[in-house]
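# Observations on the model geometry
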Amino acid sequence: MAEQLNEYQGKATMEKITSLAKRRGFVFQSSEIYGGQNGAWDYGPLGIELKNRIAGAWWKEMTQLNDDIVGLDAAILMHPRTWEASGHVENFTDPLVDCKKCKARFRADMIPEENLAAKKCPECGGELTDTRKFNLMFKTHIGPAEDTASIIYLRPETAQGIYVNYKNIIQSNRMKIPFGIAQIGKAFRNEIVTKNFIFRTCEFEQMEMQFFVKPGSDDEWFNEWKKRRWAYYDRLGVKMDHLRWHQHGPDELAHYAKDAYDIQYLFPMGWRELEGVHNRTNYDLTRHTQFSGKDMQYIDQDNNNERYIPYIIETSAGLTRNVLMILCDAYDEEQVADKGNDDDWRTVLRFHPSLAPVTVAVLPLMKKDGLAELAQDIRHELKEDFAVDYDQAGAIGRRYRRQDEAGTPFCVTIDYQSKEDGTVTLRFRDSMEQIRVPKSELTARLRQEIKEYKRIK
Ligand code: GAP
């Protein structure tokens, strides 16, 4: 296991990441023309590709590589009793204080203890209100009447959609314990503090997998899933010295959890939670039995029809938080001298090729002399297999820089020699090495490069 860093040593800052994300069309502020909407972000052309690829890698890991995990896409709006049963109506709260003078609002557990004790605003020194509980669920109304009977919540986690469907899936798909259900989808929380770009937002996406096991085997499965989730990030090419485990102490454990570990990532602002692995016991299914009156027991037909309420091991990752992690992890700046200019700096996103929004950029050296036409032909061929960008504007060095900054792992350049002998230049983002490849071999070569990719920095 890689030794964890004590403090952040990378080149990224949240300002640089936010600015690059906007400049290159990864992420925009929501409703920017109206001054922006706090806690909400829009994913631009490169951002949606990156997000989809991160989601795709997780989905493949869960549902394709595991024979015993199936997928689900449950509705965001659920029967309001769901959230009473789950404990969210009662327990899903943050402690909140307001400054009476400057009107700033804080999470009481996020300001210095001395300020809380002295009821002194950390920003203006004004008097703070008493701490009160604030429920994070967004509440709205369904139907035309805005009364208590019509209250409905935006789901604060995707997990409950899985629990209420677990019996449907056993019946429709003949699943046998142990088995899992995976889901990717939106979740909403009325967060008091939403700083750090897309780290903590009010609208976000989760990738959650609930694994149903026999009581008594839960500790073993909990450790197994911890191992699998750690190995997943390694395979994704994440810097492993930027990851660590954090076990929840008694004060941090959620109301449903027997044991919980976070995978934390070393972001520019410090170690923060990326994903949680939780032993949720049989809490949720027991509560749904009580609140719905439906029997949520599993009947083990291979074992004398033994009945029990399964325990659940949950792996819960933020998809949008993974996007931020991958951006920070990939971000690099380096001095390069590839054009004989020693002061030349480049910003480069060292995405794993399977995550990069654009896999290969096709660049004719010149627009004239038939090079653009030849490049267009190659673009059309590659499009069948890869995400391709085409750029014919500006000096070739500047075009390489643009692709480096978008994280494109490969550039294919078409020059005069290409017309003569059918070869093209293949340029590698990380090393900036260039080799000549027959254009007929490009697709196979790119496939091989993606498969065998090893991060060099
Ligand atoms: N079902 C369990 C659950 O929701 P959680 O620790 O509250 O557990 C799981 O959330 C993951 O969801 C977190 O590790 C984080 O990646 C992501 N997440 C939670 N709140 C978020 C927010 N406000 N904005 C972005 N991501 C969030």
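I will try to describe carefully the structure that is included in this document. As a convention, each chain's residues are numbered from 1 in the sequence order in which they are written. Selection of residues for local features in this predicted model requires a pLDDT of at least 70, selection of side-chain atom pairs for listing and counting requires 80 or more, and totals for whole chains, interfaces and linings are taken over all residues. Hydrogens and water are ignored here; the side-chain numbers use all heavy atoms of the structure.

## Details of the sheet that holds strand β4 (residues 93-98)
Pairing is antiparallel in the open sheet, where 3 strands are placed in the order β5-β4-β6. The open sheet is flanked by β5 (105-107) and β6 (132-135), the only strands paired with a single partner. Taking each pair of neighbouring strands and ignoring which way they run, the sheet shows an average axis angle of 45°. As paired elements, β4 and β6 share 4 bridges and run antiparallel to each other. Directly across from leucine 96, in β6, lies its bridge partner arginine 132. A strand pair is defined by DSSP finding two or more bridges across the two strands. The secondary structure listing takes helices from DSSP runs of H or I that are at least 4 residues long and strands from runs of E that are at least 2 residues long, numbered from the N terminus. Angles here are taken between N-to-C directions and fall from 0 to 180 degrees, while the axes themselves are lines fitted to C-alpha atoms, restricted in helices to the stretch in contact.

## Notes on the site of the ligand
Among the 19 residues in the neighbourhood of the ligand, the closest are listed as Glu157, Glu191, Glu208, Glu273 and Glu314. Take glutamine 206: an N or O atom from its side chain is 3.0 Å from an oxygen atom of the ligand. Arginine 280 places a polar side-chain atom, nitrogen or oxygen, 3.4 Å from a nitrogen atom of the ligand. If the ligand stood free it would expose 560 Å²; the protein chains cover 92% of that surface. For the shell around the ligand, the secondary-structure elements that each account for two or more residues are β10 (203-213), β13 (270-279) and β16 (311-318). With 4 residues, the top contributor of residues to the shell around the ligand is β13. Looking at the shell around the ligand, its residues break down into 4 nonpolar, 5 polar and 10 charged. Here a residue is near a molecule or strand as soon as one of its heavy atoms is found within 4 Å of it. Polar contact is defined as a pair of N or O atoms within 3.5 Å, subject to the rule that within protein one atom must be able to donate a hydrogen and the other to accept it, and that residues adjacent in sequence are counted only when both atoms are side-chain atoms. Here, Shrake-Rupley sampling with a 1.4 Å probe gives the accessible areas, and only protein chains in the shown set may cover a residue. Amino acid classes used here: Ala, Val, Leu, Ile, Met, Phe, Trp, Tyr, Cys and Pro are nonpolar; Asp, Glu, Lys and Arg are charged; the rest, including Gly, are polar.

## Overview of the sheet that holds β10
Taken in spatial order, the 7 strands line up as β3-β9-β10-β16-β13-β12-β11 in an open sheet, and their pairing is mixed. Sheet topology places β3 (69-71) and β11 (243-247) at the edges, where each strand pairs with a single neighbour. Neighbour-to-neighbour, the strand axes of the sheet open up by a mean angle of 25°, direction not taken into account. One ladder, built from 8 bridges, connects β10 with β16; its direction is antiparallel.

## What about the side chain of threonine 425?
Mapped onto the secondary structure, threonine 425 falls in strand β22 (residues 423-428). Classification of threonine 425 by relative accessible area gives buried; the value is 8%. A distance of 3.2 Å separates a polar atom in the side chain of threonine 425 from a polar atom in the side chain of arginine 436. Under the scheme applied here, a residue whose accessible area is under 20% of the maximum for its type counts as buried, over 50% as exposed, and between as partly exposed, the area being computed with a 1.4 Å probe on protein chains only.

## Comments concerning the nonpolar core
Phe26 and Tyr233 are the most contacted members of the largest nonpolar core, which totals 61 residues. Look past the residues within four positions of tyrosine 233 in its chain and what remains in contact with it is Val238, Met240, Leu243, Ile263, Leu274, Glu275, Ala317, Asn322 and Met325. As used in this record, nonpolar core signifies buried Ala, Val, Leu, Ile, Met, Phe, Trp, Tyr and Cys residues forming a set joined through side-chain atoms within 4.5 Å. Listed in part, the 22 residues of the second largest apolar core include Val362, Phe386, Val424 and Leu446. Here, residues are in contact when the closest pair of their heavy atoms is within 4.5 Å.

## Description of the side chain of serine 86
If you trace the backbone, serine 86 turns up in the loop between α3 (81-85) and α4 (88-91). A polar contact is formed between the side chain of serine 86 and the backbone oxygen of tryptophan 83, at a distance of 3.2 Å. Excluding anything up to four places from it in sequence, serine 86 contacts Gln160, His255 and Tyr283.

## Quick word on the pattern of salt bridges
Oppositely charged side chains may form a pair once their charged atoms are brought near each other. By definition, a salt bridge exists where a carboxyl oxygen of Asp or Glu is found within 4 Å of a side-chain nitrogen of Lys or Arg. In this structure the tally under the stated criterion is 42 salt bridges. Note that lysine 258 is salt-bridged to aspartate 218, the shortest N-O span being 2.9 Å. Of this pair, lysine 258 sits in the loop between β11 and β12 (259-267) while aspartate 218 sits in helix α8 (residues 218-235), placing them 40 residues apart in sequence. A salt bridge links arginine 228 to glutamate 224, with the shortest nitrogen-to-oxygen separation between them at 2.7 Å. With arginine 228 and glutamate 224 both in helix α8, this residue pair falls 4 residues apart, about one helical turn. On the basis of relative accessibility, which here comes to 23%, the residue arginine 228 falls in the partly exposed class. Taking relative accessible area as the criterion, glutamate 224 reaches 25% and is therefore assigned partly exposed. Taken together, the salt bridges that share partners define one network made up of Lys11, Asp332, Glu334, Asp344, Arg346, Arg350, Arg401, Asp404, Arg427, Arg429 and Asp430.

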